[in-house]
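Descriptive analysis of the structure
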Amino acid sequence: MQYTSTRDSSLSVSSSFAIAHGISAEGGLFVPKEIPQIDRAWLKELCDKEYPARAEQVLSLFLTDFTSGELAEAAAAAYTDGVFEEDWAAPLSDLSDGRFVLELWHGPTCAFKDMALQLLPHLMVSAARRALDGKQILILVATSGDTGKAALEGFCGVEGVKIAVFYPNDGVSPMQQLQMVTQRGENVAVYAIEGNFDNAQTEVKKIFTDPGVIARLAERGTVLSSANSINWGRLVPQIVYYFSAYADLVGCECIKLGDPVNFVVPTGNFGNILAGYYAKRMGLPVGKLICASNQNDVLADFMKSGVYDANRNFYTTMSPSMDILISSNLERLLYELCGKDDRQVAAMMEELKENRRYSIPPEMKARLDADFWGGTVGDEVCRGIIKKTLDEIGYLIDPHTSVAFGVYDQYKAETGDQTPAVILSTASPFKFAGSVLGALGAERPADEFAAVKALSQGTGAPIPENIAALEKAKIRFTKVLLPEEMPREIELFASQK
Ligand SMILES: *Cc1c(COP(=O)(O)O)cnc(C)c1O
């Protein structure tokens, strides 16, 4: 299978190339030229497998220049017992009312980004061997919280790779900061940046295209790459758990093979839900993909009106990983909706850059409506749902998952659709213990670990080991940089043994 760019269909590259480089040179995103198709027998086969083997079966359809040995080893290493707290990487909980929760947060950083970032490093190493002649890779990540830690955990100790993470000094939660500055491993570096996330992100993007930096790194045999969510290598592992959830529903006889299922996804950068769209296009029996937004409701409005308009207030909410106004991965959906017209996509992205706004024509809107439904829930409702879900069914959820619960309620009320629904749960409630305690009406201690313990005592839910261990972890990284100091630090880090 070959890949092309959303903004230049004349390109044709391998999956190794797409993963090793991350983004296409003209700014477009890599997409598969054709979406592979599955049939009933293929799905039946998947149902009988364990999670790593399911991953291999899905990955092999997209990553055709990887050997089956590479994919099997990568999946086995990523989704094992020692990495994920459960013996099943993505367990499904039956709420016994037509709703099922797909828990994607049992990995090392307690958020769903582990599902992709535990696998990506293995893919990256094989891809680099083929597409970069085995040069040393230096991964740069600008993060607003969850991605940085998940990437650090994923790439920690990986041979031939170094990773540098930059986070805004005052822009991440105390737990997220602690997770990053205590990171173990010799091939990692973590820096706080004076400024906000945009400043860090802008400087990283500048470095990627700085000829001086690139040339000096090349002299040392080092190539820059990225681990952010537009890398195809982060998207394809996410397709796996849609299939796996479906297989589990068949396995528990909650549905019959071939029955449709809806998926509800708490959405920010549109990476998670886009993986569900690819699963549907491959032939997985999916009804609607329900896109859940918090108060930053640019996507919900787009789903309703066909107008993407980022000219609006930015809100800081209790579901910070969804606080985003420009959803990068939407570009890949636009490409499919307009019939793979690279020029139309490039024009819309140009408009977005110029005016922070674009609209799609009626044919595209009709295709969008066929697969998607969007809704939005504010913090007040979100808090109420956390409390109600614990009180009524004894199930504890984090604020991001709560947004999805709320939007699903709206969807059902508006459409009356009785199709079984899988709600994707994207973070452990203990990662946001303070806000969850607040939602439950309990006293909220100033100290984050006191909040974690109080939440566990109040609800009986166990504290994830990775969060408990942080309290005693040693702080290793204390450097604070101005954005303009980043290139020099990166070269220094690259030159260390
Ligand atoms: C990143 C993240 C999201 C948003 O996922 P996208 O793929 O960016 O849409 C939702 N919840 C949590 C907890 C996250 O970390």
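Residues numbered from 1 in each chain as written. Predicted model: local features only at pLDDT ≥ 70, side-chain atom pairs only at ≥ 80, totals over all residues. Heavy atoms only, no water.

**Some words on the nonpolar core**
- Among the nonpolar cores identified, the biggest contains 156 residues, and L63, I239, Y241, F243, F263, F270 and Y358 are the most heavily contacted of them.
- No fewer than three residues from each of domain 1 (3-81 + 113-230 + 477-495) and domain 2 (92-109 + 233-471) sit in this core.
- Setting aside chain neighbours within four positions, we find Y358 in contact with F302, G306, V307, Y308, L330, L334, M348, M349, E351 and L352.
- Membership of the second largest hydrophobic core comes to 19 residues, among which are A142, A164, I207 and V213. (Core = buried A, V, L, I, M, F, W, Y, C linked by side-chain atoms within 4.5 Å. Buried < 20%, exposed > 50% of the residue type's maximum accessible area, 1.4 Å probe, protein only. Domains from an automatic or database assignment. Contact = heavy atoms within 4.5 Å.)

**Focus: the environment of A128**
- By the element assignment, A128 lies in helix α6 (residues 120-131).
- Residue A128 is classed as buried on the basis of its relative accessible area, which comes to 4%.
- For the pair A128 and S16, spaced 112 residues apart in sequence, the C-alpha separation works out to 7.2 Å.
- Excluding residues that lie within four positions of it along the chain, A128 makes contacts with D133, G134 and I137. (Helix = DSSP H or I, 4+ residues; strand = E, 2+ residues; numbered from the N terminus.)

**Describing the site of the ligand**
- Of all residues adjacent to the ligand, which total 15 residues, the nearest are K113, D146, G268, N269 and T426.
- Between the ligand and K113 there is a distance of 2.5 Å, counted from an oxygen atom to a side-chain nitrogen or oxygen.
- In the model, an oxygen atom of the ligand is placed 3.0 Å from a nitrogen or oxygen of the F270 main chain.
- Residue classes in the shell around the ligand are distributed as 5 nonpolar, 8 polar and 2 charged. (Near = heavy atom within 4 Å. Polar contact = N/O pair within 3.5 Å; in protein donor to acceptor, adjacent residues only side chain to side chain. Nonpolar A, V, L, I, M, F, W, Y, C, P; charged D, E, K, R; others polar.)

**Examining the packing of helix α2 (residues 40-47) against helix α3 (residues 51-62)**
- Packing of α2 against α3 leaves a shortest axis separation of 9 Å and a crossing angle of 145°. Crossing hand, α2 versus α3: right-handed. Here α2 contributes W42, E45, L46 and C47 to the contact with α3, which in turn contributes R54, Q57, V58 and L61.
- For the contact of α2 with α3, the residue count by class is 5 nonpolar, 1 polar and 2 charged. (Axes fitted to C-alpha atoms, helices over the stretch in contact; angles between N-to-C directions. Left-handed = near helix turned anticlockwise from the far one by under 90°.)

**A word on the side chain of S327**
- The residue S327 is located in the loop between β12 (307-309) and α14 (330-337) in this model.
- Residue S327 is classed as buried on the basis of its relative accessible area of 5%.
- A polar atom in the side chain of S327 sits 2.6 Å from the backbone oxygen of G268.
- When sequence neighbours within four positions are dropped, the list of residues in contact with S327 reads G268, N269, F270, L299 and Y308.

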